[in-house]
Structure formats: C-alpha cells, structure tokens
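# Chains, contacts and geometry: an overview
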Amino acid sequence: MNVQTLLDDRKKFFWILHIVGWCSFALVHYIGSFVDNFRDSYIFIIISDAYIGAMLTLPLRYLYQKVWEMTPTKLIVTILSASFVVGITWGVIKRFSFFEFYKFGSHPEDWTYYFHNTLGSFYIVLCWSGLYFGIKYYQMLQKERQKVLTAANMANQAQLKMLRYQLNPHFLFNTLNAISTLIMCEENNTANRMVSKLSEFLRHSLHTDPIKKVPLKQEIKALSLYLEIEKIRFEDRLTVNWKVSENAEQALVPSLLLQPLIENSIKYAIAACDDGGVISVSAETFGHDLLLEVKDNGPGLDNGHYNTSQKGVGVGITNIKERLQNLYDDHSFVLSSVEPNGLKVNIRIPLEFEAE
C-alpha cells in the first residue's frame, strides 16, 4: 500500500497514527526511566499510562468530527476545553497509578498531589488534538488538490478532443470543395474515386482516439490515404518523398499531426504551380527526441506561405501549435525557408514508444 492510498483511507490512517503515536510515547518514557534509575515495576506504569491516554483521546476524534463545521472561535474553544478535561483526567489517573503501583498503595495525605504535573498531560493531549486537525486539514487540502488536478486534466482532454476534431471539418470542407469542382467540370469518374477514398480516410480518422498518441507508422498510413485523395486531383503534379527511419516509425505522435502541414503544402506548393511540386516528409530519432520535417518547393515564407503572424496563421498551423503546447512541456515548432525556394516545417517532440 503506497502513501497516497493510505492517506485516502482516513480510518486506517487514523488508527495507525494513533497506535504508533502512543507506542512512541511509551517508548520515550521507558528510555527516560533508565536515566532516572526507576525500578522495573515502572514499566507497567508506563504501559498503563500510554494505554489510558490512548483510550481517553479516542472520544476526542468523534467529538471533533461533530464540531468540524463550527466557526473558528467556537472550534478553538471546544478544542481547548476538551483537551483540558481529557488532559486533567488522564493526569489524575496517572498520579493514582503511580501511587498505587509504584508506591505500593501508599496514598498522599494531601489530595492535591493527584493534580501534580497534570498540565503536562494537558499539553500532550493538546498536541494530539493539534496533530489530528493538522492531518485532517492536510488530507482535505490533498483531496481538493486532487479534484483540481482531475478537473484540469478533464479540461485538457476536452480541449485536445476539440482541437483534434477541428481538423476533420476543416479537411472535409476542402475535399468536398474539390469534389464539387470535379463534378462541375463533369469529371464524374474522378469525383467518384475521390468520394471512395474520402470515406476510407474518414473511417480511419473517426476510429482513432482523438487524445491518444499513435505510432508514426500508423500516422503515415493515414497520410497515405489522404495523399491518395489528392493524387486523384493532381495526378503527376504531386510528388511525395518519404524518409522515415525504422526506429522513428515506432515512435508515438499525436494523431493527424502532420496532415495539416501536408494540406498546406498542397495548397501553396502544388495547387498554386502549373507544374506541381514536391513534398518531402522525413522522421528520425535523435537522443531522447523525435525529429519530424515536412518540406516543399513552393513559394516559401516570403510569398505568404504559412504567414507567421498570429493574424495570418491558418486553422491547421494554429491547431498544431495548440496541440503540441497541451501535450508536451518540451517541444519545438519551427518554420523556415528553403533555398532557392520552398519552405520546411521542423517539429521536435519527446521520444515515446508504446508500452510493451
């Protein structure tokens, strides 16, 4: 049983601390008896005092549970009063045991001797009460903290789902627009092929958990489905080069992470050029990082491709940035120009693999 589980089980945690605390009290007083050179019979008194103290403080737990919701002033008064009564009672019983067992029944003539050093007993009980409330408040704060973390995690998952689902209508709109254009141009066969590939891609997309990371190999498969759709539109004008290391294929990435980048490259580097263009996708591992790169030979940054100002960034790029920020504390997303023309996007994320 770990510490957090023990803290959550309040009843068991109380009994463990209660027993350990009073056993420690007995042990400390037993060690002190060697210094004062008490007789062996004093061991019985020590055990008796610890046992009585443990029994007398037990009702305090149930009293404190009932007065927990009191105002601070009333609660403090209740704690002091209860601790005083229990402390004095315990002190008197300890003195009685001392005279009964250690002095062999020889009782003092002055009854006030029974109250000798009872304030010390009051302080011990007061410390017990302080520890009780301190630990209870700590448990309450831990519980509230857990609730906050759970709520934050649920909000984070909801945001990730929203960002992930945002890609589908964005991509779907562009594809349906292309299909509509083909129908208007009476290229019905090509339009039918695109619809078939589109349904296959969406089926794959909808069966992927929006907040679950997938192996890069699976992500490439989804990209291949998407590129098959675009290949129907552009035919020989679209060329895609893949360079993915074997180790990188097994690395985990957010689902549909690269699809918006490919889509933007097609929009700016392929569709905008009569001769089409080339898109290069590479992935490799380096130390504890996974390095991803998408490169095209389009117009590049200087011609408005991937405008880096916040106002000009499209849905796809903004989506990727937000998803990476939600998923990773340590990552990078860099846009840069390629000479003589073109643009590349470099993504660095922590290297992760599926648990075996």
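Treat the numbers as computed from the prediction; the structure is a model and nothing was measured.

Let us look at the side chain of Glu219. Its place among the elements puts Glu219 in helix H7 (residues 216-234). Setting aside chain neighbours within four positions, we find Glu219 in contact with Val214, Val253, Pro254, Ser255, Leu256, Leu257, Leu258 and Gln259.

Below, the discussion takes up the environment of Met194. Position of Met194 relative to the elements: it lies in helix H6 (residues 188-206). Separated by 32 residues in the primary sequence, Met194 and Tyr226 place their C-alpha atoms 9.9 Å from one another.

This paragraph deals with the sheet that holds strand E5 (residues 289-296). The strand order E2-E4-E5-E7-E6 describes an open sheet built from 5 strands, whose pairing is mixed. Across the chains shown, the open sheet's two edge strands, defined by having one partner strand only, are strand E2 (238-244) and strand E6 (332-337). When strand polarity is set aside, the average angle formed by the axes of neighbouring strands in this sheet is 10°. As judged from the 6 bridges shared by E6 and strand E7 (residues 343-350), these two strands associate in the antiparallel manner. Each residue of the ladder has a partner; that of Phe333, found in E7, is Ile347.

Okay, the nonpolar core next. Core analysis: the biggest nonpolar cluster contains 47 residues, and Leu258, Leu261, Ile262, Ile266, Leu292, Phe333 and Ile347 have the highest contact counts within it. With 10 residues, the top contributor of residues to this core is H7. Apart from residues no more than four positions distant in its own chain, Leu292 is found in contact with Leu216, Val253, Leu257, Leu258, Ser282, Ala283, Val345, Asn346 and Ile347. In this structure, Phe14, Ile52, Val86 and Trp128 belong to the second largest nonpolar core, which totals 22 residues.

Summarising the element assignment, Asp289 is placed in strand E5. Among residues more than four places away in sequence, those in contact with Asp289 are Glu284, Arg348, Ile349, Pro350 and Leu351.

Attention shifts here to helix H9 (residues 259-270). Of all 12 residues in H9, 10 are buried; the element is thus mostly enclosed. For H9, the set of buried residues is Gln259, Pro260, Leu261, Ile262, Glu263, Asn264, Ser265, Ile266, Ala269 and Ile270.

Turning our attention to the packing of aromatic side chains. Summed over the entire model, instances satisfying the criterion amount to 14 aromatic pairs. With 5.3 Å between their ring centres and 85° between their planes, Trp22 and Trp90 make a pair best called edge-to-face. Of this pair, Trp22 sits in helix H2 (residues 10-36) while Trp90 is found in helix H4 (residues 72-102), placing the two residues 68 residues apart along the sequence. Looking at Trp22, the relative accessible area reads 8%, which means it is buried. Ring-pair connections join several aromatic residues into one group, and the members of that group are Phe14, Trp15, Tyr64, Trp68, Trp128, Tyr132, Phe133 and Tyr137. Residue placement shows Arg61 over the ring face of Phe14; its charged tip is 4.2 Å from the ring centre. Between Lys94 and the ring centre of Trp90, over which it is positioned, the NZ or CZ distance is 4.0 Å.

As a further point, take the pattern of salt bridges. On inspection of all chains with the given rule, the structure shows 3 salt bridges. One salt bridge connects Asp289 with Arg348, and the closest N-O pair in it is separated by 3.8 Å. On the criterion of sequence distance, the pair formed by Asp289 in strand E5 and Arg348 in strand E7 is long-range, its members being 59 residues apart. Residue classification places Arg348 among the partly exposed positions, given a relative accessible area of 22%. Ionic pairing is found between Arg348 and Asp330, a salt bridge with its closest N-O pair at 3.2 Å. Remark: Asp330 occurs in the loop between helix H10 (315-327) and E6 and Arg348 occurs in strand E7; sequence separation between them is 18 residues. What you see here is one network of salt bridges that share partners, running through Asp289, Asp330 and Arg348.

The next point concerns H7. The terminal C-alpha atoms of H7, which comprises 19 residues, lie 26 Å apart, in line with the 27 Å expected from a rise of 1.5 Å per residue. Considered for burial, the residues of H7 that qualify are Leu216, Glu219, Ile220, Ala222, Leu223, Leu225, Tyr226, Leu227, Ile229, Glu230, Ile232 and Phe234. Where H7 terminates, the next one or two residues include Glu235, which has phi positive at roughly 50°.

This part covers the packing of H7 against H9. Where H7 meets H9, the axes come as close as 10 Å, and the angle between the chain directions of the two elements is 20°. It follows from the interaxial angle that H7 and H9 lie roughly parallel. Between H7 and H9 lies a crossing whose hand is right-handed. Across the interface between the two elements, Glu219, Leu223, Tyr226, Leu227, Glu230 and Phe234 of H7 pack against Gln259, Ile262, Glu263, Ile266 and Ile270 of H9. Counted by class, the contact of H7 with H9 contains 7 nonpolar, 1 polar and 3 charged residues.

Let us look at a nonpolar patch on the surface. A cluster of nonpolar residues, Leu27, Tyr30, Ile31, Ile43 and Ile47, forms a patch on the protein surface that exposes about 440 Å² of accessible area. The dominant element in the nonpolar patch, judged by the number of residues it contributes, is H2, at 3 residues. In this fold, Leu27 is placed in helix H2.

Calculation criteria
- Residues numbered from 1 in each chain as written.
- Predicted model: local features only at pLDDT ≥ 70, side-chain atom pairs only at ≥ 80, totals over all residues.
- Heavy atoms only, no water.
- Helix = DSSP H or I, 4+ residues; strand = E, 2+ residues; numbered from the N terminus.
- Contact = heavy atoms within 4.5 Å.
- Pairing = 2+ DSSP bridges.
- Axes fitted to C-alpha atoms, helices over the stretch in contact; angles between N-to-C directions.
- Core = buried A, V, L, I, M, F, W, Y, C linked by side-chain atoms within 4.5 Å.
- Buried < 20%, exposed > 50% of the residue type's maximum accessible area, 1.4 Å probe, protein only.
- Phe/Tyr/Trp six-rings, centres within 6.5 Å; stacked < 30°, edge-to-face > 60°.
- Lys NZ or Arg CZ within 6 Å of the ring centre and 35° of its normal.
- Salt bridge = Lys/Arg side-chain N within 4 Å of Asp/Glu carboxyl O.
- Expected span 1.5 Å × (residues − 1).
- Parallel < 35°, antiparallel > 145°, perpendicular 65-115°, else oblique.
- Left-handed = near helix turned anticlockwise from the far one by under 90°.
- Nonpolar A, V, L, I, M, F, W, Y, C, P; charged D, E, K, R; others polar.
- Patch = residues over 30% accessible without salt bridge, like charges linked within 9 Å, V, L, I, M, F, W, Y side chains within 5 Å.
- Areas by Shrake-Rupley, 256 points an atom, 1.4 Å probe, with all protein chains shown as cover.

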